[in-house]
Amino acid sequence: VTDCNITSALAAFTGSGYLRSSEIRSQSGQDPPQCEAALCLADGSKVENCKVFALSAKLGVQGLQGCRFWVCDSAIVGGIAGVYLRTDAQVLVERCRISQSQMGVSARDHSRLEVRDSNITGNSICGMVLCGSSRGWVHHTTLQQNKQDAVAVFDQAHVTLRGCTLEDNMRGLEVGGDSTAVV
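Going along each chain's sequence as written, the residues are numbered from 1 onward. The model is predicted, so local features are restricted to residues of pLDDT at least 70 and side-chain atom pairs to those at 80 or more, both for listing and for counting; the totals for chains, interfaces and linings are taken over all residues. Only heavy atoms go into the side-chain values, all of them from the structure, while hydrogens and water stay out.

Undergrad: Hey, could you run me through the sheet that holds strand S4 (residues 23-26) in this one?
TA: Remark on secondary structure: sheet strands pair via backbone hydrogen bonds, oriented parallel or antiparallel. Any two strands between which DSSP finds at least two bridges are classified as paired. Note on conventions: DSSP H or I runs of at least 4 residues are helices, E runs of at least 2 residues are strands, and numbering of each starts at the N terminus. Across the sheet, eight strands lie side by side as S1-S4-S7-S10-S13-S16-S19-S22; this open sheet has parallel pairing. Looking at strand neighbours, the two that pair on one side only are strand S1 (5-8) and strand S22 (165-167), the edges of this open sheet. Shown here is a sheet whose adjacent strand axes are inclined to one another by a mean of 5°, direction ignored. Relative to strand S16 (residues 119-121), strand S13 (residues 97-99) is paired through three bridges, and the arrangement is parallel. Within S16, the residue paired with Ser-99 across the bridge is Thr-121. To get an axis, a line is fitted to the C-alpha atoms, and for a helix only the part in contact is used. The angle between two axes follows their N-to-C directions and goes from 0 to 180 degrees.

What follows is the structure in structure tokens.
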């Protein structure tokens, strides 16, 4: 999918694919949200240079169970989570801006997350949440103006932060529930 504008009350795209230079909106004008995610990505999917608006979806970009996917040079706005990883999913997020979600990025249940050169800002709860034995590596990323934690790890999760900026959040890093962090 290239150079498209897609607006849908339900998921704008579900499956394995390459989305490039497109604007994707999950928008129905109804509350509560009408669908799970604006993008439901299966294994091998790539989102490049896109704008994703989760206006009537719970999630912006969702990685389905066990899949590996890549999101780069994109903006993700809204949703309970901007990027959400299900069980055993893996994602590389590069040069993205994730904002106006409750949680910018949420990884759970043995998922793997790598974020590089991105900006996670202005989310209503946390910039990033890792739980359920998930693992995260965050490099040269700014997490700012998130209402509670910039990064929260709990329930046996782990995060490594390198060269990151955490500013103007209620808390920078919260670690609990047998979890670990390397900064």
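Now that the structure has been shown, the text picks up again.
Undergrad: What exactly am I supposed to notice about the pattern of salt bridges here?
TA: Side chains carrying opposite charge are able to pair once their charged atoms draw close together. Just to be clear on terms, a salt bridge is a Lys or Arg side-chain nitrogen sitting within 4 Å of an Asp or Glu carboxyl oxygen. Per the counting criterion, the structure on display carries 10 salt bridges. Between Asp-109 and Arg-108 there is a salt bridge, and its shortest N-O distance comes to 3.9 Å. Exposure is judged per residue with a 1.4 Å probe applied to protein chains only, and the accessible area is read against the type maximum: over 50% gives exposed, under 20% gives buried, and values in between give partly exposed. Judged by its relative accessible area of 30%, Arg-108 falls in the partly exposed class. Bridged by salt links that share partners, the residues Asp-73, Glu-94 and Arg-95 form one connected network.

Undergrad: Mind showing me how you'd approach the environment of Asp-3 here?
TA: Mapped onto the elements of the fold, Asp-3 is located in the segment before S1. Sequence-wise, Asp-3 and Glu-23 are 20 residues apart; in three dimensions their C-alpha atoms are separated by 7.9 Å. Not counting residues up to four positions away in its chain, the partners in contact with Asp-3 are Arg-20, Ser-21 and Ser-22. Here, residues are in contact when the closest pair of their heavy atoms is within 4.5 Å.

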